[in-house]
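Chain residues, written in single-letter form:
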Amino acid sequence: MTELNHQDLLIELQQTWHQTIPVSKFMQIVPKVFNGAAFKVSAPLEPNINLHQTMFAGSIYTVMTLTGWGMLWLQQKLADVDGDIVLADANVRYIAPIDSQPVAKVCWPDVDLTSLAQGRRVKVRLVVELYCNDKLCACFSGLYVSVPKS
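We now turn to the structure provided with this report.

Rules and cut-offs
- Residues numbered from 1 in each chain as written.
- Predicted model: local features only at pLDDT ≥ 70, side-chain atom pairs only at ≥ 80, totals over all residues.
- Heavy atoms only, no water.
- Disulfide = S-S within 2.5 Å.
- Helix = DSSP H or I, 4+ residues; strand = E, 2+ residues; numbered from the N terminus.
- Expected span 1.5 Å × (residues − 1).
- Phe/Tyr/Trp six-rings, centres within 6.5 Å; stacked < 30°, edge-to-face > 60°.
- Buried < 20%, exposed > 50% of the residue type's maximum accessible area, 1.4 Å probe, protein only.
- Lys NZ or Arg CZ within 6 Å of the ring centre and 35° of its normal.
- Salt bridge = Lys/Arg side-chain N within 4 Å of Asp/Glu carboxyl O.
- Core = buried A, V, L, I, M, F, W, Y, C linked by side-chain atoms within 4.5 Å.
- Contact = heavy atoms within 4.5 Å.

## Some points on the state of the cysteines
Point 1. Scanning the model with the defined rule gives zero disulfides in all.
Point 2. Not part of a disulfide, C137 finds its nearest cysteine sulfur in C132, a span of 4.8 Å.
Point 3. C137 supplies the cysteine sulfur nearest to C139, a cysteine that is in no disulfide, at a spacing of 12 Å.

So, in structure tokens, the structure goes:
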């Protein structure tokens, strides 16, 4: 798939988020870069700020959750399979305060999604790291499940 097609997928993903997960629009979460194996997402600090003038923990969790969700959604598009994606289990570790616009990063662990086309669910654990000024500030591990659409 070409870079242009990847850009089209990022636009479609952002529209999907904003239409189906309204908080993503309020938080101004934006899918930034996707190359087929790695995915980056960002959100400005201003609508996600807390009383300490750093990013609210709930916003951090949401950005990281959607980064993982978005990676699975993108991979399903590349594999031409369709499934309903849910987060089944997650753990986040807050390492350092975020005082400027963060970037969440996730890499695909080369999970085969063809079982979705065969009517079986897929489970994938994704690790999302959140950076602020090139410093690791949070780490998220999420177990995503995609169930075939009937």
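## As for helix α3 (residues 57-79)
Point 1. For α3, spanning 23 residues, the distance from its first C-alpha to its last is 33 Å, which sits close to the expected 33 Å at 1.5 Å a residue.
Point 2. Two residues or fewer after α3 comes D80, characterised by a positive phi angle close to 55°.

## What about the packing of aromatic side chains?
Point 1. For the coordinates displayed, the defined rule picks out two aromatic pairs.
Point 2. Ring centres 6.2 Å apart and planes at 85° place the aromatic pair F34 and F39 in the edge-to-face group.
Point 3. The class of F39 is buried, set by a relative accessible area of 0%.
Point 4. On the basis of an interplanar angle of 75° and a centroid distance of 5.6 Å, the ring pair of Y61 and F140 is categorised as edge-to-face. In this pair, Y61 is assigned in helix α3 and F140 in strand β6 (residues 135-148), connecting sequence segments 79 residues apart.
Point 5. By relative accessible area, which is 29% here, Y61 ends up partly exposed.
Point 6. Note on F140: relative accessible area 0%, which makes it buried.
Point 7. Just above the ring of Y131 sits the side chain of K105; from NZ or CZ to the centre is 4.6 Å.

## Some remarks on unusual backbone geometry
Point 1. Even without being glycine, Q53 reaches a positive phi, approximately 65°.
Point 2. For Q53, the location among the structural elements is in the loop between β2 (38-42) and α3.

## Some points on the pattern of salt bridges
Point 1. Counted by the stated rule, this structure contains four salt bridges.
Point 2. Among the salt bridges present, the one from K77 reaches E12, with a minimum N-O distance of 3.3 Å. Of the two residues, K77 is situated in helix α3 and E12 in helix α1 (residues 3-20); the sequence distance between them amounts to 65 residues.
Point 3. Assessed through its relative accessible area of 35%, K77 is described here as partly exposed.
Point 4. Among the salt bridges present, the one from K149 reaches D84, with a minimum N-O distance of 3.7 Å. Taken together, the residues K149 in the segment after β6 and D84 in strand β3 (residues 83-94) connect sequence positions 65 residues apart.
Point 5. For K149, a relative accessible area of 46% corresponds to the partly exposed category.
Point 6. One continuous salt-bridge network, built from bridges that share partners, spans D82, D84 and K149.

## Some details on the nonpolar core
Point 1. In this structure, F39 and V63 are the most contacted members of the largest nonpolar core, which totals 41 residues.
Point 2. The residues touching V63, leaving out its near neighbours within four places in the chain, are M27, I29, V41, A43, M55, A104 and L130.

These values are about where atoms sit, not about what they do.
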